[in-house]
Amino acid sequence: MRTDAVRAGRLERVRRGVYRAVEDDRDEHASTAARRLAADRARAVHLGLAAAHAFSHETAALLHGLRLWSLPRSTHVVQAYRRSGAAAGDVRRHRVALPDGHRTTAGGLPVTSLARTVVDCSRAMHPLESLVIADHAVAKGVDLAECAEILAATRQRNGTALARWVLEHADGGADSAWETWLRYVALRAGLPRPVTQAPLPTAGRVYHADLGWPEWGVYAEFDGRSKYRDDGIRPGHDASDELFREKQRFDAIRATGVSPVRVTATGGAGVRRVTDLLAARFPEPVRRGFRVHRLLPPPP
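These lines cover the structure that appears in this document, whether it is placed above or below. (Residues numbered from 1 in each chain as written. Predicted model: local features only at pLDDT ≥ 70, side-chain atom pairs only at ≥ 80, totals over all residues. Heavy atoms only, no water.)

**A look at the overall build of the protein chain**
For step 1, the next point in the chain: Counting its regular elements, the protein chain contains eleven helices and eleven strands.
For step 2, the next point in the chain: Here the protein chain holds 300 residues, and 45% of them are scored as buried.
For step 3, the next point in the chain: In the protein chain, the share of contacts with a sequence separation of at least 24, taken over all contacts with a separation of at least 6, comes to 56%.
For step 4, the next point in the chain: Summed over its atoms, the accessible surface of the protein chain is roughly 16,000 Å², and 49% of this surface lies on carbon and sulfur atoms. (Helix = DSSP H or I, 4+ residues; strand = E, 2+ residues; numbered from the N terminus. Buried < 20%, exposed > 50% of the residue type's maximum accessible area, 1.4 Å probe, protein only. Contact = heavy atoms within 4.5 Å. Areas by Shrake-Rupley, 256 points an atom, 1.4 Å probe, with all protein chains shown as cover.)

Written out as structure tokens, the structure is:
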């Protein structure tokens, strides 16, 4: 019967042995639907665990509603005991005694606190991926001083240096994962720390650039292709209206004498091009001081 329901499109597989009813998601953006499916996988794992546990790392970040560079491939769970027997391949278990203050709930599920989640992700993930999470957590009000205290109290030292860098550079001004990407690329190249949402006054209103170095008159923006496609950002999104508004904005900014560097999504080979475009806007004596940060790997 279950197989027939799957074939008929009434049920879909969440994880092995767990299915859910297929919902009408025509009015739901694809990224939202994918996040909901990942959250339902965590719910399915929760139902199968009898002992105390809490979801952690990027799974907790997902359940907290934080932005992610990519959806988690495994469901991360913190448990204070070692599981006996075969473990499920889609679950990543972390044997840790979690203090009560590091626990909370999100979406009706037990998760690590927002601060603990940021620290765990910053220690274990690629720094760009964890910076995306930390940026959004800051926007949601996480206490970075609390994060630093949790990190300092961590016995295991693996990943500490990168986690410290992420906490020092987390910025709630990033409005998207790609804006975080652009800032990470700039910081990795050795550019000075930029201002997020840098104000750009024009004759009619004040606009904001994604990144800015006002001291040198340098500004940069990530120009995502999705906003120029109908339904690209959300159902009902009108690409032609977006294009018209963007032209008005661009013309107003250009009239002030400012021409921000406009960056689009690009692969690893394009990172060098982006850094060269940004660096070229700085005076030559400043450029001479730029050095690639040895601790930071290229973006994934």
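**Quick notes on helix α4 (residues 114–124)**
For step 1, the next point in the chain: With ten of eleven residues buried, α4 lies mostly within the body of the structure.
For step 2, the next point in the chain: When we look at burial in α4, the residues that qualify are L114, A115, R116, T117, V118, V119, D120, C121, S122 and R123.

**Side note on the nonpolar core**
For step 1, the next point in the chain: Counting 61 residues, the largest nonpolar core has F55, L63, W181, L182, L191, W213 and L278 as the members making the most contacts within it.
For step 2, the next point in the chain: Here the element with the most residues in this core is helix α8 (residues 177–188); it accounts for seven residues.
For step 3, the next point in the chain: When residues no more than four places from it in sequence are discounted, the contact partners of L63 are A39, A42, F55, A106, L109 and V111.
For step 4, the next point in the chain: One finds A198, L200, Y207 and V258 within the second-largest nonpolar core, a separate group that totals seven residues. (Core = buried A, V, L, I, M, F, W, Y, C linked by side-chain atoms within 4.5 Å.)

**A word on the pattern of salt bridges**
For step 1, the next point in the chain: Tallied over the full model, the rule gives eleven salt bridges.
For step 2, the next point in the chain: In this structure, the salt-bridge partner of E246 is R262, at a minimum N-O distance of 3.3 Å. Here E246 is found in helix α9 (residues 239–254), whereas its partner R262 is found in strand β11 (residues 261–263), with 16 residues between them in sequence.
For step 3, the next point in the chain: Using a relative accessible area of 9% as the deciding quantity, one classes E246 as buried.
For step 4, the next point in the chain: A residue is classified by how much of its surface remains accessible, and R262, at 30% relative accessible area, is partly exposed.
For step 5, the next point in the chain: Shared partners join several salt bridges into a network, and the residues in it are E221, D223, E246, R249 and R262. (Salt bridge = Lys/Arg side-chain N within 4 Å of Asp/Glu carboxyl O.)

**A look at the packing of α4 against helix α5 (residues 127–139)**
For step 1, the next point in the chain: Running from N to C, α4 and α5 cross one another at 160 degrees; their axes reach a closest spacing of 9 Å. By the criterion of interaxial angle, the relationship of α4 to α5 is roughly antiparallel. When you trace α4 past α5, the crossing you get is left-handed. Taken together, the residues of α5 that come into contact with α4 (itself represented by L114, V118, C121 and S122) are S130, I133, A134 and A137.
For step 2, the next point in the chain: Here the contact of α4 with α5 is built from residues that sort into six nonpolar, two polar and no charged. (Axes fitted to C-alpha atoms, helices over the stretch in contact; angles between N-to-C directions. Parallel < 35°, antiparallel > 145°, perpendicular 65-115°, else oblique. Left-handed = near helix turned anticlockwise from the far one by under 90°. Nonpolar A, V, L, I, M, F, W, Y, C, P; charged D, E, K, R; others polar.)

**What about the pairing of strand β8 (residues 195–201)?**
For step 1, the next point in the chain: Summarising the sheet, β8 and strand β9 (residues 206–213) pair through six bridges and their orientation is antiparallel. Note that in β9 the partner of P201 across the bridge is V206.
For step 2, the next point in the chain: A loop of four residues connects β8 with β9, the two strands running antiparallel in sequence. (Pairing = 2+ DSSP bridges.)

**Details of the sheet that holds strand β10 (residues 218–222)**
For step 1, the next point in the chain: Spatial strand order, β8-β9-β10-β11: four strands in an open sheet with mixed pairing. Because the sheet does not close on itself, it has two edges, and the strands there are β8 and β11. Taking the axes of each pair of neighbouring strands and ignoring which way they run, one obtains an average angle of 50 degrees across the sheet.

**As for the packing of aromatic side chains**
For step 1, the next point in the chain: Summed over the entire model, instances satisfying the criterion amount to eight aromatic pairs.
For step 2, the next point in the chain: Summarising the aromatic geometry, the rings of W181 and F222 are spaced 6.5 Å apart at their centres and angled 70 degrees between planes, so their arrangement reads as edge-to-face. With W181 in helix α8 and F222 in strand β10, this residue pair connects regions lying 41 residues apart in the sequence.
For step 3, the next point in the chain: Its relative accessible area of 2% is what places W181 among the buried residues.
For step 4, the next point in the chain: Aromatic side chains W213 and F282 sit 5.5 Å apart centroid to centroid with 75 degrees between the ring planes, which places their arrangement in the edge-to-face category. Of the two residues, W213 sits in strand β9 while F282 sits in the loop between α10 (268–279) and α11 (284–287), which places them 69 residues apart along the sequence.
For step 5, the next point in the chain: On the basis of relative accessibility, which here comes to 2%, the residue F282 falls in the buried class.
For step 6, the next point in the chain: Through a chain of ring-to-ring contacts, three or more aromatic side chains come together here, namely W69, W178, W181 and F222. (Phe/Tyr/Trp six-rings, centres within 6.5 Å; stacked < 30°, edge-to-face > 60°.)

In short, shape yes, function no, at least from these values alone.
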